[in-house]
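If you want the building blocks of each chain, they are given just below.
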Amino acid sequence: MSLEKVIAITGKPGLYKLVAQTRGGFVAESLIDKKRLSVNIQQNVSVLSEIAIYTLTEEVPLKDVFKNIKKKENGGATSVKAKDSKDKLEEYFFEVLPDYDEDRVYASDIKKVIQWYNLLLEHNMLDLEDDSDSKPKKAKKEAVKDEEE
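(A) Seen up close, unusual backbone geometry. A positive phi angle, near 55°, is found at N74, a position not held by glycine. Its identity as a non-glycine residue notwithstanding, N124 has a phi of 55°, on the positive side. As for its position among the elements, N124 is in the loop between α3 (107–122) and α4 (125–148).

So this is what it looks like as structure tokens:
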């Protein structure tokens, strides 16, 4: 599942995956406890694929930040916990994203990124996200080979 089907709902803990669309919104299922809830269009919802982290030069998509964390942790859970000190969180985030903007990225944002990464990893949703990126490239290479023959 790609990050386009994963959402964060303001005021609700954790992440949710989109299950179905309704007339007044949609149905989402919690990744934490699998409970479903109806979300109306007035609620503040963020799709993970639309979230980016500020750096000194540009905005880096959350997907790329997750890839950097995954690379740093060799595919495992983060070495820091979301409840660790602000200094420890910032030090960790500098290793993952060296030029992140300290003035616009708060410790609470770093906590969310770490929690979300670990939650997605626990549900094997990061591997699927990586696979969706590589499939079109393989298909494109095969199409080029076919044209050459």
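(B) Spatial organisation of helix α1 (residues 62–72). Looking at α1, one finds that the buried residues are L62, V65, F66, I69 and K70. For α1, the angular spread of buried residues about the axis comes to 140°, placing them on one side. Trailing α1 by a residue or two, N74 shows a phi angle of about 55°, which is positive.

(C) How the structure looks around the environment of N40. Among the secondary structure elements, N40 is positioned in strand β4 (residues 36–40). Note on N40: relative accessible area 34%, which makes it partly exposed. Ignoring any residue separated from it by four or fewer positions in sequence, one finds N40 in contact with G24 and G25. Among the polar contacts made by the side chain of N40, one reaches the main-chain amide nitrogen of Q42 at a distance of 2.9 Å. Within polar-contact distance, the side chain of N40 engages the backbone nitrogen of Q43 at 3.2 Å.

(D) Representation of the pairing of strand β2 (residues 16–22). Both strand β1 (residues 6–9) and β2 contribute to a ladder of 2 bridges, which runs antiparallel. Bridging from a neighbouring strand, I7 pairs with Y16 of β2. Counted between consecutive antiparallel strands, the loop separating β1 from β2 contains 6 residues, among which G11 sits at a positive phi close to 90°. Bridge count between β2 and strand β3 (residues 25–30): 6 bridges; the pairing is antiparallel. Considered in β3, the bridge of Y16 is made with S30. The loop that links β2 with its antiparallel partner β3 comprises 2 residues.

(E) Here's a closer look at the packing of aromatic side chains. Per the counting criterion, the structure on display carries 3 aromatic pairs. A ring pair is formed by F66 and Y117, whose centres lie 6.1 Å apart and whose planes are at 50°; its orientation type is tilted. Here the residue F66 occupies a position in helix α1, and Y117 occupies one in helix α3, the gap between them amounting to 51 residues. We note that F66, like Y117, is buried. Between F93 and Y100, the aromatic rings sit 5.1 Å apart at their centres with planes inclined by 80°, giving edge-to-face as the arrangement. Neither F93 nor Y100 differs from the other in exposure class; each is buried. Linked through ring pairs, F93, F94 and Y100 together constitute an aromatic cluster. Above the plane of the ring of Y54 lies R104, whose end atom (NZ or CZ) is 3.8 Å from the centre.

About the cut-offs
- Residues numbered from 1 in each chain as written.
- Predicted model: local features only at pLDDT ≥ 70, side-chain atom pairs only at ≥ 80, totals over all residues.
- Heavy atoms only, no water.
- Helix = DSSP H or I, 4+ residues; strand = E, 2+ residues; numbered from the N terminus.
- Buried < 20%, exposed > 50% of the residue type's maximum accessible area, 1.4 Å probe, protein only.
- Arc of directions from axis to C-beta.
- Contact = heavy atoms within 4.5 Å.
- Polar contact = N/O pair within 3.5 Å; in protein donor to acceptor, adjacent residues only side chain to side chain.
- Pairing = 2+ DSSP bridges.
- Phe/Tyr/Trp six-rings, centres within 6.5 Å; stacked < 30°, edge-to-face > 60°.
- Lys NZ or Arg CZ within 6 Å of the ring centre and 35° of its normal.

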